[in-house]
Amino acid sequence: MSDVNANDDTVLARLDGVRRRRGAVQALDGVDLELPAGRVTALLGVNGAGKTTAIEVLLGLQPPDGGQAMLFGLPPTTPAAKARVGAMLQQTQLPERLAVGELLALVRSWYAAPRSVADCVALAGLDGLLGRRYGRLSGGQQRRVQFALALCGRPRLLFLDEPTTGLDIDARQQVWRAIRALVADGAGVLLTTHYLEEAEALADRVVVLDAGRVRATGSVDDVRARVAQRHVACDSALPEREIAGWPGVLHVARDGRRLSIVAADADGLVRRLLQADAALSNLEVRRAGLAEAFTRMTRDDDTREAA
Amino acid sequence: MNTLDRTVPRVSAWRGHLQELRCELLRMLREPMYVIPTLLFPALFYAMFGLLMGGRDGGGAAQYLLATYGVFGTLGASLFGFGVTVAIDRERGLLALRRALPAPPSSWITARLVKAMLFSLVVSLELALLASVFGGVSLAPSQWAALWTINVLGAIPFAAMGLLLGVYCSANAAPAVVNILFLPMAFLSGLWLPLSMLPELFARIAPVWPAYHHAQLALRVVGEDGGGSPWLHLGTLALVGVVCASIALRRLARVG
């Protein structure tokens, strides 16, 4: 492992201008992506944005039509690259009639220096499940087994495609703790998720993918700042059309007396709102969470495409 | 050999293959709908057609059908053991997961092949027991050994055919498609009843079925074959195996 030390700047895998068409859809349209060691990179995007295709190209399951995918500096299908990879794919159904311990023994046998079974059980929260048949587990337990299989080989780079789908709060916290522990040991993680608080809780870097293109890359704060919006809500009789014409106002919606406004600059907006309507009440100002920042990006794109 | 080999941490290929075989066997043994038809139907049919109905003509049927039901058992174990399970694993993303991870590229194939061979051997032994105890069949040890060897090795071309079906069929369609091939081929190759008892047309077109060639090799051991060259039969089986396997593996590499 001397060639790949735990230096945080080491790039473990990368996509360079990768293009990949699936049927009529350009699933990846010139995507650049770097996965550093010791970091969690979250890949965000709506369904069909190209997240799973990006993972599959990085894992060598699909060849890129153009551009280049590299895993540990090698083509992703190379055995030497695979030997350091763990993965939890989205659509995997493991054999129902095998017990958890049997599945774990099988996947461990594929690695030169796998984690001990006890470590896998502890990290993935599989206490008491080793003897149970996979098909008799709950959806959340099955997901944890898949997580255990992904980490059992001490991978240097872990691909987790929506790892916590179907997990309850406790189980999700357990998986998050495990991911943090693996990253602290120097592993790189690529995570796709629908739970945006998951990206906020775990990710050092966020890559927003939309219609096969990278729309934003950076820390969670960077990406949020990129869409530096404030949500302002209040009860007021002011006409929406008037507010929509004010500088910095991006979006106005009304539900009864309740106005919801998205604006680039909350301070100016609030000052003007109070001037315009002395009867205004129940004022509320929020910073956009990653969820909103992210849906807004995608929505802007829809508007642009429609125009 | 080259620079890559030096950077691959050494993994015991044995360990991977043994684990794979263990899982494959456990999976199947826990699947009664596979085990019972595969292991019991050949013996059951043999008892009916070879011993109860055919026993009256002085043991000829018992000897002939001993050979052909061994082929029948091999055919079932290989076609179902590959066709259905490969379709299921492919559809459920298991093959994709294997390709994403450092799984040995061929261990899932060798494990299934060994499983099919083991099942073929078990069927052969069941038939041998029935034939010698109830059918009055008496063969030299070398004949028994030859029969069992032919059955076990015969799993290879039919495994390749099963693989091809499993690669093209959906998991839902696979059992039906395998049956559509398996049952007519078994009947028309003279595995259930001697070809001489079938309409002459069927006997004449029998050589188009790979199972016919396997059966001829087995029948030759008990002196009941049609007199064709064993090399021709062997060559046909080898060709079928190579063609099916290469089409299947190419598609797997391309489409997954």
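Residues numbered from 1 in each chain as written. Chains lettered and ligands numbered in written order. Predicted model: local features only at pLDDT ≥ 70, side-chain atom pairs only at ≥ 80, totals over all residues.

S.K.: Before we move on, could you go through the overall build of chain A and cite the residues and values that matter?
M.R.: For chain A, the helix and strand inventory stands at 11 helices and 13 strands. In chain A, the proportion of contacts linking residues at least 24 apart, taken out of those at least 6 apart, comes to 70%. (Helix = DSSP H or I, 4+ residues; strand = E, 2+ residues; numbered from the N terminus. Contact = placed C-beta atoms within 7 Å.)

S.K.: Tell me about the overall build of chain B, and name the residues and values.
M.R.: Of regular secondary structure, chain B possesses 11 helices and 0 strands. Scanning chain B from its N terminus toward the C terminus, one meets helices and strands in the order α-α-α-α-α-α-α-α-α-α-α. Over its C-alpha trace chain B gives a radius of gyration of 19 Å, about what one expects of a compact globule, namely 18 Å for 256 residues. Overall size of chain B, expressed as C-alpha extent along the three principal axes, is 65 × 35 × 35 Å. Within chain B, buried positions represent 47% of all 256 residues. (Rg over C-alpha atoms; globule rule 2.2 N^0.38 Å. Buried ≥ 20, exposed ≤ 12 C-beta atoms within 10 Å, placed from the backbone.)

S.K.: Explain the pairing of strand S12 (residues 258-263) of chain A to me, using residue names and the numbers behind them.
M.R.: Residue and element names in this part refer to chain A. Summarising the sheet, strand S10 (residues 230-235) and S12 pair through 6 bridges and their orientation is antiparallel. Within S12, the position partnered with Cys234 by the bridge is Leu259. Connecting strand S11 (residues 249-255) to the next strand, S12, in antiparallel fashion are 2 residues, including Gly256 with a positive phi near 65 degrees. (Pairing = 2+ DSSP bridges.)

S.K.: I'd love a proper account of the environment of Ala112 of chain A, names of residues and values included.
M.R.: Note on placement: Ala112 of chain A falls in the loop between helix H3 (100-108) and helix H4 (117-124). Ala112 of chain A sits 29 residues away from Ala83 of chain A along the chain, and the two C-alpha atoms are 7.9 Å apart.

S.K.: Kindly report on the packing of helix H10 (residues 210-221) of chain B against helix H11 (residues 230-255) of chain B, identifying the contributing residues and their values.
M.R.: Residue and element names in this part refer to chain B. Axis separation between H10 and H11 bottoms out at 9 Å; the angle between their running directions is 140 degrees. In terms of orientation, H10 lies oblique with respect to H11. Considering the relative orientation of H10 and H11, their crossing is left-handed. Mapping the contact onto sequence places Pro210, His213, His214, Gln216, Leu217 and Arg220 in H10 and Pro230, His233, Leu234, Thr236, Leu237 and Val240 in H11. (Axes fitted to C-alpha atoms, helices over the stretch in contact; angles between N-to-C directions. Parallel < 35°, antiparallel > 145°, perpendicular 65-115°, else oblique. Left-handed = near helix turned anticlockwise from the far one by under 90°.)

S.K.: How would you summarise the domain arrangement of chain A if you had to cite specific residues and measurements?
M.R.: When cut into domains, chain A gives domain 1 (11-225) and domain 2 (228-287). The centre of domain 1 of chain A, based on its C-alpha atoms, is set 41 Å off from the matching centre of domain 2 of chain A. (Domains from an automatic or database assignment.)

S.K.: Help me get a handle on H3 of chain A, residues and values and all.
M.R.: Within H3 of chain A, burial applies to Val100, Leu103, Leu104, Leu106, Val107 and Arg108 of chain A. Where H3 of chain A is buried, its residues contact H4 and helix H5 (139-151) of chain A together with helix H2 (13-29) of chain B.

S.K.: How would you summarise the sheet that holds strand S4 (residues 66-71) of chain A if you had to cite specific residues and measurements?
M.R.: Residues and elements named next belong to chain A. The strand order S2-S1-S4 describes an open sheet built from 3 strands, whose pairing is antiparallel. Strand pairing shows two members of the sheet lacking a second neighbour, strand S2 (25-36) and S4, which therefore form its edges. For this sheet the average axis-to-axis angle between neighbouring strands, irrespective of direction, equals 15 degrees. Judged from the 5 bridges that link them, strand S1 (residues 11-22) and S4 form a sheet pairing that is antiparallel. By the bridge assignment for S4, Asp16 is matched with Gln68. Helix-sheet contacts for helix H1 (residues 51-58) involve S1, S2 and S4, and the interaxial angle to S1 is about 120 degrees.

S.K.: Can you explain the nonpolar core? Please cite residues and give values.
M.R.: By size, the foremost hydrophobic cluster in this structure holds 84 residues, and its most contacted members are Ala54, Leu58, Ala87, Leu103, Ala148, Leu151 and Phe159 of chain A. Per element, the largest residue contribution to this core is 6 residues, and it comes from H5 of chain A. Counting 70 residues, the second-largest nonpolar core is a separate cluster that includes Leu66, Phe80, Met161 and Ala211 of chain B. (Core = buried A, V, L, I, M, F, W, Y, C linked by C-beta atoms within 7 Å.)

S.K.: Residue-level account of helix H3 (residues 32-53) of chain B, with values.
M.R.: All names here are of chain B. Where H3 bends most, the angle comes to about 40 degrees, and this point is Leu40, followed within four residues by the proline Pro42. When H3 is considered as a whole, its buried residues turn out to be Tyr34, Thr38, Pro42, Tyr46, Ala47, Gly50 and Leu51. Buried residues in H3 make contact with H2, helix H4 (60-91) and helix H6 (107-134). (Bend = angle between axes of the 7 residues up to and from the residue.)

S.K.: Outline the sheet that holds S11 of chain A, listing residues and values.
M.R.: Residue and element names in this part refer to chain A. Strand order in the open sheet formed by 4 strands is S11-S12-S10-S13, and the pairing between neighbours is antiparallel. Where the open sheet ends on each side, the last strands, each with one partner, are S11 and strand S13 (281-287). With direction set aside, neighbouring strand axes in the sheet form an average angle of 15 degrees. Alignment of S11 against S12, held across 6 bridges, turns out to be antiparallel. When the sheet's bridge partners are listed, His251 is paired in S12 with Val262. The strands that helix H10 (residues 266-276) touches are S10, S11, S12 and S13; relative to S10, the one it contacts most, it runs at about 15 degrees.

S.K.: Report on the pairing of strand S8 (residues 205-210) of chain A, specifying residues and quantitative values.
M.R.: Residue and element names in this part refer to chain A. Across the 6 residues of S8, 6 count as buried, placing the element largely inside the fold. Across 5 bridges, S8 lies against strand S9 (residues 213-218) in antiparallel orientation. Its bridge partner being in S9, Val208 is matched across the sheet by Ala216. Between S8 and S9, which pair antiparallel in sequence order, lie 2 residues; one of them, Ala211, sits at a positive phi of approximately 50 degrees.

S.K.: Could you give me a rundown of unusual backbone geometry, with the residues and numbers involved?
M.R.: Residue and element names in this part refer to chain A. You will see that Ala211, though not glycine, has its phi angle at about 50 degrees, which is positive. With respect to the element layout, Ala211 can be found in the loop between S8 and S9. For Asn282, which is not glycine, the phi dihedral falls at a positive 55 degrees. With respect to the element layout, Asn282 can be found in strand S13.

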